[in-house]
Amino acid sequence: MSVVGTHHTAFHVADLDRSLAFYCDLFGCEIVWQRLNEDEYVRRIIGYPAASLNQAMLRLPGGEHQLELIEYRGVERTPVDTSPPNPGTAHICLLVTDLGETYDRLVAAGVASVSPPVSVVAGANTGRLAVYMIDPDGFRIELLSVGPEDPYE
């Protein structure tokens, strides 16, 4: 078996409409498609024969990678603790220009963050700024600056 690329990353969300507003309005994602999926083959793949999936596929800005948002319906759901140290949690990293301005805009829109932007002082991203923002379901959205920037701190 040889991996030849990526197709998408998926986040399972509590409310698809809320998450679409978050990712499209605040991050500039574009809806590729959206549907209520009750196909039998999908139910077999996911292992939930009674589930309906309220789904949307989003194109992330500046690339071809896609983010799928899935709201499960018709099955019991329990929110998980999305704290980063917990196994099974995830984050996505978005490259941004002018991270300070982006951060200020998101905070003004009510998006929570773990910290203000931080200067990376070691490793592969030395000289960049980075920050974790938090989506409505607790997923971390890492913003990583591209190009020269003054430190925000």
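Now for a look at the structure at hand. Worth saying up front: this structure is predicted, and the values here are computed from it rather than measured.

The rules behind these values
- Residues numbered from 1 in each chain as written.
- Predicted model: local features only at pLDDT ≥ 70, side-chain atom pairs only at ≥ 80, totals over all residues.
- Heavy atoms only, no water.
- Helix = DSSP H or I, 4+ residues; strand = E, 2+ residues; numbered from the N terminus.
- Buried < 20%, exposed > 50% of the residue type's maximum accessible area, 1.4 Å probe, protein only.
- Contact = heavy atoms within 4.5 Å.
- Areas by Shrake-Rupley, 256 points an atom, 1.4 Å probe, with all protein chains shown as cover.
- Expected span 1.5 Å × (residues − 1).
- Polar contact = N/O pair within 3.5 Å; in protein donor to acceptor, adjacent residues only side chain to side chain.
- Core = buried A, V, L, I, M, F, W, Y, C linked by side-chain atoms within 4.5 Å.
- Pairing = 2+ DSSP bridges.
- Axes fitted to C-alpha atoms, helices over the stretch in contact; angles between N-to-C directions.

Moving on: the overall build of the protein chain. When you go through the protein chain residue by residue, the secondary structure sums to 3 helices and 9 strands. When the helices and strands of the protein chain are read in sequence order from the N terminus, they spell out β-α-β-α-β-β-β-α-β-β-β-β. Counting only C-alpha atoms, the protein chain reaches 55 × 40 × 30 Å along its principal axes. Here the protein chain holds 153 residues, and 36% of them are scored as buried. Within the protein chain, contacts between residues separated by at least 24 positions form 56% of all contacts whose residues are at least 6 apart in sequence. For the protein chain, the accessible area works out to roughly 9100 Å², and carbon and sulfur atoms hold 54% of it.

Here we come to helix H1 (residues 16-27). With 12 residues, H1 extends 16 Å from end C-alpha to end C-alpha; this agrees with the ideal 16 Å at 1.5 Å per step. Looking at H1, one finds that the buried residues are Leu16, Ser19, Leu20, Phe22, Tyr23, Cys24, Leu26 and Phe27. Where H1 begins, the side chain of aspartate 15 points an oxygen toward the backbone nitrogen of aspartate 17, at a separation of 3.0 Å. Following H1 by one or two positions, glycine 28 has its phi on the positive side, about 75 degrees.

Here we take up the environment of leucine 58. By the element assignment, leucine 58 lies in strand S3 (residues 52-59). Linking leucine 58 and cysteine 29, residues 29 residues apart in sequence, is a C-alpha distance of 5.9 Å.

One finds Phe11, Tyr23, Phe27, Leu69, Met133, Ile141 and Leu143 to be the most contacted residues of the largest nonpolar core, which totals 28 residues. Of all the secondary structure elements, the ones that give two or more residues to this core are H1, S3, strand S4 (66-73), strand S5 (91-96), helix H3 (99-108), strand S8 (129-134) and strand S9 (140-145). Top element by residues in this core is H1. It accounts for 7 residues. Formed by 5 residues, the second largest nonpolar core is a distinct cluster that contains Val42, Leu53, Ile70 and Tyr72.

Here we come to the sheet that holds strand S1 (residues 8-12). Spatial strand order, S1-S4-S3-S2: 4 strands in an open sheet with mixed pairing. Of all strands in the sheet, those bounded by a partner on one side alone are S1 and strand S2 (30-37). Across the sheet, the mean angle separating the axes of adjacent strands is 20 degrees when strand polarity is ignored. Pairing analysis gives 8 bridges linking S3 to S4, with the strands arranged antiparallel. What sits directly across from leucine 53, in S4, is tyrosine 72.

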